[in-house]
Protein chains: 2
Amino acid sequence: MSVERVIALSGGVGGAKLVLGLSHALPAERLLVVTNTGDDFDHFGLRICPDTDTVIYTLSDLADREHGWGRTDESWNFMDAVRELGGADWFNLGDRDLALHVLRTDRLKSGESLSGVTNHIAGVLGIRVSIVPMCDQPVATVVETADGPLEFQHYFVRERCAPQVTGFAFEGIEKARPNPALISALEDQPAVIVIAPSNPFVSVEPILAVPGMRTALRDCGAPIVAVSPIVGGQALKGPAAKMMAELGVPASAVEIARHYRGFIDGLIIDEKDAHHMREITDIGVPVEVAQTVMSDLNDRVELAGRTVDFAARLRGGIKR
Amino acid sequence: MSVERVIALSGGVGGAKLVLGLSHALPAERLLVVTNTGDDFDHFGLRICPDTDTVIYTLSDLADREHGWGRTDESWNFMDAVRELGGADWFNLGDRDLALHVLRTDRLKSGESLSGVTNHIAGVLGIRVSIVPMCDQPVATVVETADGPLEFQHYFVRERCAPQVTGFAFEGIEKARPNPALISALEDQPAVIVIAPSNPFVSVEPILAVPGMRTALRDCGAPIVAVSPIVGGQALKGPAAKMMAELGVPASAVEIARHYRGFIDGLIIDEKDAHHMREITDIGVPVEVAQTVMSDLNDRVELAGRTVDFAARLRGGIKR
């Protein structure tokens, strides 16, 4: 008996907002979140998984709402001591957040998979939603820039997204395999695949670039619905709009439709972009207008519901 | 031109007190401290070196004087989060202290030696005294007990020294080699070797058990002077007296003399033990009475001076 799962592909902050909404709109066993691991990296020998952690902290109500990353009630004494000892201080690790990285690194070193560790930690924190890293093999997003290639966190945190982007590479992706828990959920006739309003290049693309991922998502028969991360020509969070401009495409919901065309069955755009409806429909992408700017929990739950409903309406029309 | 170095062998808290005194009594370039690494261990995948760290924190004035271990102005948010995540919480790691373990582990992993890392960290913290781990190879002190063998920190911290001790083993000691910086200092005609008032079984013995260490120390020609860690039948800190009782020898300064007899050239005992002078002299160990209980910095500096003076007087009488 199928539970009609909703499968959400998510990056960090923006994606996690919709994921939180979905977790309130659905019974926990109906939601499976696939997290981007392309921006995972090693820092001080610790394995850090920013997007997965943001989803974990968001769903366990531990996320810092002000910063948009890390934990609430955080302290920074470790970082003070790192500076005192002459260590690198461009990546901030809070004292509490550090516990997750230290325990995860230790478990990974003892041979546990990233999925296993993620599942364990989510369970300990009382999260009943399934959080599934896109793959268990290490993949490293590289941002190609006018200043040369940069590891993602170097581009994103250390360089504050300043260098001009020319392209992306996902190191190790050829050896990656879609997470078996995801494949199993896809075989179980899910109700919808949701692409959260995350950065299409560095949050969603690494997930889709895992060999076999696109086919597995398309072939499961569920409608694939994306929520545009571009609203009124701006990214609500992060460098998506800046990247689009540097790559020579206008930062608009229309370009998001073009980017995902052929893969998605529908796109949700913000009310501010309602005037793009016709243009998006004309390029062959069914479109739904909703309030996609999520200021509070109500907005998150509301958008989650609209996304699932839109998918249900699309389902009838899917022919593959 | 020799700088007439004083070489001190030290464990943790008790030893570090005398080391601090020596550092005030002597120019920095005259003092070299050899630290016990037998109680180093891996916890959460981090390499932790309790005795070396106690010496580092003591000499950089960062030591927590109340606990006797760890750093001053410490916070415990990491440990709170470890507990929240279901991690082991028997070994307390402060938020600031953690920076040292994380940075050291990272440098060791990149191929640097323990000596190199220790030297780097001491330098960053402004310590001009040489701090030299007894060896660069990993050695693990195992406490053999009536309940079976226990890793040192499991015995010391987790079990709070409760199990009855039957013996000791130093795993990996056969592959250890005395620290080259120590060997080099020994070749440079040091003025004295001081055995700090540290636990003879688990702080000093691992150092002396490094193959070639005893011979190198004896052959350098400098007098070897120990300061008794037993005062009035008690250990001022730690399980030394309890261990002696369990091993079937009275916890007394006389037994410390017997323990080191044949290796040391003189023993400093506390004023409380002055009545043991004759007995210790009779077993062939020259003895000096001093105030060895170090309550404040003056006491530390005073005992340091007495130790160096005693050694100077012994030097004339050494025949090897």
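Each remark here, short or long, concerns the structure printed above.
Residues numbered from 1 in each chain as written. Chains lettered and ligands numbered in written order. Predicted model: local features only at pLDDT ≥ 70, side-chain atom pairs only at ≥ 80, totals over all residues. Heavy atoms only, no water.

Caption draft 1: Just the relation of the copies chain A and chain B, in detail. In the superposition of chain A on chain B (RMSD 0.0 Å, axial shift 0.0 Å), the rotation amounts to 180°. The transformation just described matches what one would write down for a two-fold rotation axis. Distance from the rotation axis, computed per C-alpha, reaches its smallest value in chain A at D95 of chain A: 3.0 Å. Take the interface residues of chain A: 100% of them recur as interface residues in chain B, which is what a same-surface contact looks like. (Least-squares fit on C-alpha atoms with pLDDT ≥ 70 in both. Contact = heavy atoms within 4.5 Å.)

Caption draft 2: Layout of the nonpolar core. One finds L18, L22 and F78 of chain A together with L18, L22 and F78 of chain B to be the most contacted residues of the largest nonpolar core, which totals 108 residues. Listed in part, the 56 residues of the second largest apolar core include F168, I195, A216 and L217 of chain A. (Core = buried A, V, L, I, M, F, W, Y, C linked by side-chain atoms within 4.5 Å. Buried < 20%, exposed > 50% of the residue type's maximum accessible area, 1.4 Å probe, protein only.)

Caption draft 3: Summary view of helix α4 (residues 95-109) of chain B. The terminal C-alpha atoms of α4 of chain B, which comprises 15 residues, lie 21 Å apart, in line with the 21 Å expected from a rise of 1.5 Å per residue. Buried within α4 of chain B we find D95, R96, D97, L98, A99, L100, H101, V102, L103, R104 and T105 of chain B. (Helix = DSSP H or I, 4+ residues; strand = E, 2+ residues; numbered from the N terminus. Expected span 1.5 Å × (residues − 1).)

Caption draft 4: Spatial organisation of the state of the cysteines. Residue and element names in this part refer to chain B. Across all of its chains, the model carries zero disulfides over all chains by this definition. With no disulfide of its own, C135 has C49 as its nearest cysteine by sulfur position, at a separation of 11 Å. Take C161: it sits in no disulfide, and the sulfur closest to it among the cysteines is that of C49, at 19 Å. According to the relative accessible area criterion, C161 is buried, its value standing at 10%. (Disulfide = S-S within 2.5 Å.)

Caption draft 5: Structural view of the pattern of salt bridges. All chains considered together, the criterion is met by 32 salt bridges over all chains. D265 of chain B is paired through a salt bridge with R218 of chain B; the nearest N and O atoms lie 3.5 Å apart. Here the residue D265 of chain B occupies a position in the loop between α11 (253-260) and β13 (266-270), and R218 of chain B occupies one in helix α9 (residues 213-219), the gap between them amounting to 47 residues. Among the ionic pairs, E288 of chain B bridges to R306 of chain B, the shortest N-O distance being 3.1 Å. Within this pair, whereas E288 of chain B is found in strand β14 (residues 287-290), its partner R306 of chain B is found in helix α13 (residues 297-315), the two being separated by 18 residues in sequence. Relative accessible area serves as the criterion here: at 28%, R306 of chain B is assigned to the partly exposed category. Overlapping salt bridges bring together D80, R83 and D89 of chain A as one network. (Salt bridge = Lys/Arg side-chain N within 4 Å of Asp/Glu carboxyl O.)

Caption draft 6: Region of the structure containing the sheet that holds strand β6 (residues 140-145) of chain A. Residues and elements named next belong to chain A. Pairing is antiparallel in the open sheet, where three strands are placed in the order β7-β6-β8. Of all strands in the sheet, those with a lone pairing partner are β7 (148-151) and β8 (165-171), marking the two edges. This sheet shows a mean twist of 25° between the axes of neighbouring strands, independent of strand direction. (Pairing = 2+ DSSP bridges. Axes fitted to C-alpha atoms, helices over the stretch in contact; angles between N-to-C directions.)

Caption draft 7: Here's a closer look at empty space enclosed by the protein. What the rule picks out here adds up to one cavity of 30 Å³ or more. In this model, the largest cavity occupies a volume close to 40 Å³. Lining the largest cavity, in full, are F44, G45, L46, T105 and K109 of chain A together with F44, G45, L46, V102, T105 and K109 of chain B. For the lining of the largest cavity, the elements supplying multiple residues, two or more each, are α4 (95-109) of chain A together with α4 of chain B. Tallying contributions element by element places α4 of chain B first for the lining of the largest cavity, with three residues. (1 Å grid on protein atoms, 1.4 Å probe; cavity = no way out; pocket = protein on both sides within 12 Å on 5 of 7 lines; lining within 4 Å. Points joined across faces, edges and corners; volume = space filled by probe spheres on them.)

Caption draft 8: Up close: the interface of chain A and chain B. Between chain A and chain B, the residue contacts involve 28 residues of the former and 28 residues of the latter. Between chain A and chain B, roughly 2400 Å² of surface is buried when both sides are summed, and carbon and sulfur atoms account for 66% of that area. Sorting the residues of chain A by area buried against chain B places E84, L85 and L103 of chain A first, and these three jointly supply 25% of that buried surface. Inspection of the chain A/chain B interface yields two salt bridges. Of the charged contacts, one joins E84 of chain B and R71 of chain A as a salt bridge, the two residues approaching to 2.8 Å between their closest N and O atoms. (Buried area = accessible area lost by both parts, 1.4 Å probe.)

Caption draft 9: Seen up close, the side chain of R104 of chain A. Residue and element names in this part refer to chain A. Inspection of the secondary structure puts R104 in helix α4. By relative accessible area, which is 2% here, R104 ends up buried. Filtering out sequence-adjacent residues up to four positions away, R104 remains in contact with R47, I48, C49, D53, L114, V117 and I121.

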